[in-house]
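Results of the structural survey
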Amino acid sequence: MRKILIGIVWLLCVIPICAQQPEEVKAFDAPNDAGGSITVTWKRIDTLPPGTLYHIALSEFPEGPFHLVKKIASETNLMSDAPGTFGHGTETSQYHFFNITAFPDPGDSSKTVAIENGKTYYFQIGTQLPSGDLFFSNSIPAQAFGNLFNQTKLNNFILGTVFSIIILVSIYMARRRTLFIRRIAGLEALDEALGRATEMGKPVLFTHGLTGMGSVSTIAAVNILSRVARRTAEFNTTLRVANNDAVVMAVSHEVVKEAYLNAGRPDAYNEDIVFMAATEQFSYAAAVDGMMVRERPAANIMMGYFFAESLLLAETGASIGAIQIAGTDSYTQLPFFITTCDYTLMGEELYAASAYLAREPKLLGSLKGQDIGKAVVLLVLLMGTLLSTLGNQSLTHLFTAY
Amino acid sequence: MKDFLLNIDRRIIFVFVALGVIIPSLTEFPLPIKPTSTVQSIYDTIEEIAAKNGTVLISFDYGPGSMPEVQPMALSVLRHCFNKKVKVVGMCLWPTGVGLAQLAFDTVSKEFGAQYGTDYVFLGFKPGYTTLILNMGRNFHDAFAQDLQGNRTTELAVTRNIKGLKDFDYVLCLAAGNTPDGAWIPFGQERYKFKFGLGCTAVMAPDQFPYLQSGQMNGLMGGLAGAAEYEVLIKTPGTATEGMRPQSIVHLIIILFIILGNVMYFLHGRQKGGA
Amino acid sequence: MLFLRRTLPLILAFVLGIIGIAIYYIPHNAAQDLENELAKWDRIVAAFAMLLGLYSLMRLHWSRVRRQQAGWGYSSLVFLGFAIMFFLSLFNNGLGPFVAKSSADTDPFVWMYNNVQVPADGTMFSILAFFIASAAYRTFRARTPEAAILLVSAMIVMIGRVPIGALISDWIPWAAQWLMAVPNLAAKRGILLGVSLGAVATSLRIIFGIERAYLGGGES
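I will try to describe carefully the structure that is included in this document. Quick caveat: nothing in here was measured; it's all calculated off a predicted structure.

Quick word on the overall build of chain A
Of the regular secondary structure elements, chain A holds 12 helices and 16 strands. For chain A, the C-alpha radius of gyration of 33 Å lies well beyond 21 Å, the compact-globule estimate for 402 residues. Across its three principal directions, the C-alpha atoms of chain A cover 120 × 50 × 35 Å. Per-residue burial over chain A gives 43% buried out of 402 residues.

A word on helix α8 (residues 309–319) of chain A
Residues and elements named next belong to chain A. Among the 11 residues of α8, 10 are classified as buried, and the element is accordingly described as predominantly covered. Three or more residues of α8 are buried, namely E309, S310, L311, L312, L313, A314, E315, T316, G317 and A318. Once α8 ends, the next one or two residues include G321, with phi positive near 75 degrees.

Examining the interface of chain A and chain C
Contacts between the two partners involve 65 residues from chain A and, on the opposite side, 48 residues from chain C. Residue classes in the side of chain A that touches chain C are distributed as 32 nonpolar, 18 polar and 15 charged.

Details of the interface of chain B and chain A
Contacts between the two partners involve nine residues from chain B and, on the opposite side, nine residues from chain A. Looking at the side of chain B that touches chain A, its residues break down into two nonpolar, six polar and one charged.

Considering the pairing of strand β11 (residues 204–208) of chain A
Residue and element names in this part refer to chain A. Across the five residues that make up β11, a large majority, five, are buried. Across four bridges, β11 lies against strand β12 (residues 239–243) in parallel orientation. Considered in β12, the bridge of L205 is made with R240. Handedness of the crossover joining β11 and β12 through helix α5 (residues 216–235) is recorded here as right-handed. Bridge count between β11 and strand β14 (residues 299–303): five bridges; the pairing is parallel. Across the sheet, residue V204 finds its bridge partner in β14, namely A299.

A short note on the sheet that holds strand β5 (residues 95–100) of chain A
Residue and element names in this part refer to chain A. Strand order in the open sheet formed by three strands is β1-β2-β5, and the pairing between neighbours is antiparallel. Of all strands in the sheet, those with a lone pairing partner are β1 (26–29) and β5, marking the two edges. The average angle at which neighbouring strand axes cross in this sheet is 20 degrees, direction not considered. Looking at chain direction, strand β2 (residues 38–43) and β5 are connected through six bridges and run antiparallel.

Structural notes on the sheet that holds strand β15 (residues 323–328) of chain A
Paired through backbone hydrogen bonds, the strands of a sheet run either parallel or antiparallel to each other. Residues and elements named next belong to chain A. The strand order across the open sheet built from six strands is β13-β12-β11-β14-β15-β16, with neighbouring strands paired in parallel fashion. Two strands lie at the open edges of the sheet, namely β13 (274–276) and β16 (343–346), each paired on one side alone. With strand direction ignored, the average angle separating the axes of adjacent strands in the sheet is 15 degrees. Sheet topology note: the β12/β13 ladder contains three bridges and is parallel.

A look at the nonpolar core
Within the largest apolar cluster, 202 residues are counted, with the highest numbers of intra-cluster contacts made by L225 and V256 of chain A together with V56, L78 and L174 of chain B. By residue number, the principal contributor to this core is helix α4 (residues 108–139) of chain C, which donates 13 residues. The residues contacting V256 of chain A, other than those within four sequence positions of it, are L225, A229, V241, Y269, I273 and V274 of chain A.

Remarks on the packing of helix α7 (residues 281–295) of chain A against α4 of chain C
The N-to-C vectors of α7 of chain A and α4 of chain C enclose an angle of 65 degrees; their axes lie 9 Å apart at closest approach. The interaxial crossing formed by α7 of chain A with α4 of chain C has left-handed handedness. Counting all contacts with α7 of chain A, which are made through F282, A285 and A286 of chain A, the residues of α4 of chain C involved are D121, M124 and F125 of chain C. For the contact of α7 of chain A with α4 of chain C, a count of residues per class yields five nonpolar, no polar and one charged.

Considering unusual backbone geometry
If you check the backbone angles, R296 of chain A has positive phi at about 40 degrees while not being a glycine. For K235 of chain B, which is not glycine, the phi dihedral falls at a positive 55 degrees. Looking at the secondary structure, you find K235 of chain B in the loop between α10 (223–233) and α11 (239–269). On the basis of neighbour count, K235 of chain B is assigned to the exposed category, with 7 C-beta atoms found within 10 Å.

A short note on the environment of L215 of chain C
Tracing the backbone through its elements, the reader meets L215 of chain C in the segment after α7 (171–207). Those residues within four positions of L215 of chain C in sequence are excluded, and the remaining contacts are R6 and P9 of chain C.

Cut-offs applied
Residues numbered from 1 in each chain as written. Chains lettered and ligands numbered in written order. Predicted model: local features only at pLDDT ≥ 70, side-chain atom pairs only at ≥ 80, totals over all residues. Helix = DSSP H or I, 4+ residues; strand = E, 2+ residues; numbered from the N terminus. Rg over C-alpha atoms; globule rule 2.2 N^0.38 Å. Buried ≥ 20, exposed ≤ 12 C-beta atoms within 10 Å, placed from the backbone. Contact = placed C-beta atoms within 7 Å. Nonpolar A, V, L, I, M, F, W, Y, C, P; charged D, E, K, R; others polar. Pairing = 2+ DSSP bridges. Right-handed = clockwise from strand over helix to strand, strands pointing away. Axes fitted to C-alpha atoms, helices over the stretch in contact; angles between N-to-C directions. Core = buried A, V, L, I, M, F, W, Y, C linked by C-beta atoms within 7 Å. Left-handed = near helix turned anticlockwise from the far one by under 90°.

Now the structure itself:
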């Protein structure tokens, strides 16, 4: 009888402790990082009174001493708050997590010590009730290390790979059959503009945008310059290429020189064709505007990424009666070009220009691939909108960036 | 007469625009300025940072050309930060922004008695745009070993504990070019996941809405109107508030010219085959 | 020679392109350190490239002055402006070129910046207001129903973005904000998706050496 009574008393003491003690505690290397971080997770306790805190404690040895890393409120840090790492499952709202990157220096509490990669640390989670009672879990060991793949970017990786494969397959397929490419009026007009300049005996002015060689728009612009230079060399028309960036200028020099060489007119090439107008935006606009007014080019070709100088250039070009062809993916400036230029290449038309002018099957194939990619995006957008409207977020989660 | 109205000489339009700027600038009439939610969001974020004694990085990515539009934003945000004891680190992705940023720091630090090194630090310009941001995200002290005055950033109180871009409580880009969507968002915010806000010229503002909706940007001040709204929020009217008068009138003038052009087009131009 | 002009740049574009893409997905310190290093190289190249620009600028204007082409007087101003600013930058408010840049109000370099470059650039930017007005008048015509919708939207946004809009009616700023946040956003996003796919395709063409026009010559 006495034993039974003792047993009941023991149970009455242990059951509340078990109810407050964090369970299913796990510690592991924090995923998707360069290391130096360990994640601890534990099961949420629904019966805790308001004001309860969790203590996250760390030790460098299995037997302790454990150092308090952080105290957090019992209703915070749920795994559902970090869907990039833990996903969108319903169970994520039943677990807490905490990332530990450093802990207080045992020798000097004002300093912290960073978690080292490859070293074993021991973790305990404690529940501190409003009454002050503290119940700790067992200690769990874990090591940090650098990861080789960021899984939160898995959707990005798959999408990028799929699009790349579509484009590369389209390029491969393009070698075997002729591809249709819709008419791009701005590019069709290039020959007309160059011909007009030749007839009038006036120069052709080519302006890049303001971005450097790292920008896709500038690369596309340089590709177009290559085609334009070849035609001006063939037509024996004066070409002027105004630059704002030294690297772009150096590349343009090479591109124009090679184009003249390929057109069989190396004698017509001179170093002054490609020049640096100015490195500052408005000095550049003033220099090019001044040149337009003085030299009155018959054709004004503006390709690349433009900023506020777009209207200054295009309006001045319109005032001197030049035939103007612009192309930009800077959609802020598109309205200005559309209102002041004869032809405008919009957005990706600028990237397509090189393929369009060269009619090279491999380049045209990439355009085809782009269109297939666009069709895929459209389909996903439609399905995502439909599912989301019906309350199903699975497709939205699949395409969410973390 | 109808031909004249159909094809008004652009110099006449220029005269109207000039008068529309000059006359309202010399006169005073009140205009209601109501802060929009995107401007309010920047203000609220700075208030939150003030509560935790945090640090803001301001990137002055504009030049003298856009100074009238963007500099009032810089002055207002600095006034807000220094008034609320928020620490500020300034930098430039545009070399021409250095003088303007220095001017803004000098002006506002004198007003609030802010101390260099403890309340704010100015790093100056470094080339590289996207690559500089990548370097700053990875190792701030390596990317900017020294400030503009040659002090080591590891020793200055404001920058001592900043290891990477993640350690800033807020990054605010004041821009007149493509640094927000071309550099700060893809190479900074997307990678290092810091809170990001933008103040930009009016022409750039419509382009930024996709980033606002996606949450990559939490606030936006667009053009002089955005700057004026921030001035209202910090209760310190400045050049942006004053600029609302000429801007309002010039907008009206342009609209009137567009209406006139269309009326003439419908009355006469269309019969002629278009103007 | 062909190896240096063609093959090597293509190999570099391929290797660095693939590394650049891979690093984005690899959080490991080794990958991130490599990216940090490559980013530094890029910045160093960019800084040195400024000298190339300076050389070209000087060369262009010197040839204009030498040949006394139309407007050569303006070209000589380039040398004057460069000489003055270069000297003031070395002078550094009397501190010399070997200490940190002075930012004192009394520095003649700062004075030149504040009183020459700022107003000059500001003037160029302000010309936009005039050009926008004349271009809008000339081209903003309701020729088609779509153009009419665009015209009305533009007028609402123009008036709604300035305080006078709220003075006329509270509805105008609300409508302006709606136009920016809904139809404008939808259109921008569409363009952005197309542009992004185009950028991916162009990048692939360069990485795999399909697009070579940027190397010169034009043939692909």
